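A look at the structure
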Amino acid sequence: MDFTQFIPDIGSGFVIGFVIGWAAKKAIKIVAFLIGIYILSLLYLAKIGVISINKEAFSALLGNLENSLLVFGDKIVGLVHSLSFGTSFLVGFGLGFKKG
């Protein structure tokens, strides 16, 4: 078995994983910030009496979002199938997520 055939997969998997990991962490930070600002604005408007918040419907919305994220995660796992590409992708993703 010639291991040199796996070098392009390992290199490209690492680079792609690093970029995706870095971008994912940046995107998570931006989304968390925007969600925080949105929730704070809703709480402020509820406090001054402009709106009223239906807490049961809000909790159900968050539950639906969680289920959607889990389904998306299952689909991503299916895409990373090759051992040489997948392993280097995960290492690159971890380092990119750490550096992001």
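- You'll find the protein entered in an unreviewed UniProt entry as FUN14 family protein, with Methanocaldococcus vulcanius given as the organism.
- Regarding the protein, the UniProt comment filed under Sequence similarities (unreviewed entry) reads as follows: "Belongs to the FUN14 family."
- Quoted straight from UniProt, the Subcellular location (unreviewed entry) entry for the protein says "Membrane".

Considerations on the overall build of the protein
- Broken down by element type, the protein carries 3 helices and 0 strands.
- Of all 100 residues assigned to the protein, the portion counted as buried reaches 11%.
- Pairs at least 24 residues apart make up 84% of the contacts formed inside the protein by residues separated by at least 6 positions.
- Within the structure as shown, the protein displays about 7800 Å² of accessible surface, and the carbon and sulfur contribution to it stands at 75%.

As for a nonpolar patch on the surface
- Where nonpolar side chains cluster on the molecular surface, the patch consists of I30, V31, F33, L34, I35, I37, Y38, I39, L40, L43 and I53 and spans about 1100 Å² of accessible area.
- With respect to the helices and strands, the residue L43 is situated in helix 1 (residues 7-47).

A closer look at the UniProt feature "transmembrane region" (unreviewed entry) in the protein
- In this structure's numbering, the residues bearing the UniProt feature "transmembrane region" (unreviewed entry) are residues 6-24, 31-53 and 76-97.
- Within the segment residues 31-53, helix and strand shares are 74% and 0% respectively, and the terminal C-alpha atoms sit 22 Å apart.

Cut-offs applied
- Residues numbered from 1 in each chain as written.
- Predicted model: local features only at pLDDT ≥ 70, side-chain atom pairs only at ≥ 80, totals over all residues.
- Heavy atoms only, no water.
- UniProt positions renumbered as here; feature names shortened; annotations may be inferred.
- Helix = DSSP H or I, 4+ residues; strand = E, 2+ residues; numbered from the N terminus.
- Buried < 20%, exposed > 50% of the residue type's maximum accessible area, 1.4 Å probe, protein only.
- Contact = heavy atoms within 4.5 Å.
- Areas by Shrake-Rupley, 256 points an atom, 1.4 Å probe, with all protein chains shown as cover.
- Patch = residues over 30% accessible without salt bridge, like charges linked within 9 Å, V, L, I, M, F, W, Y side chains within 5 Å.
- Salt bridge = Lys/Arg side-chain N within 4 Å of Asp/Glu carboxyl O.

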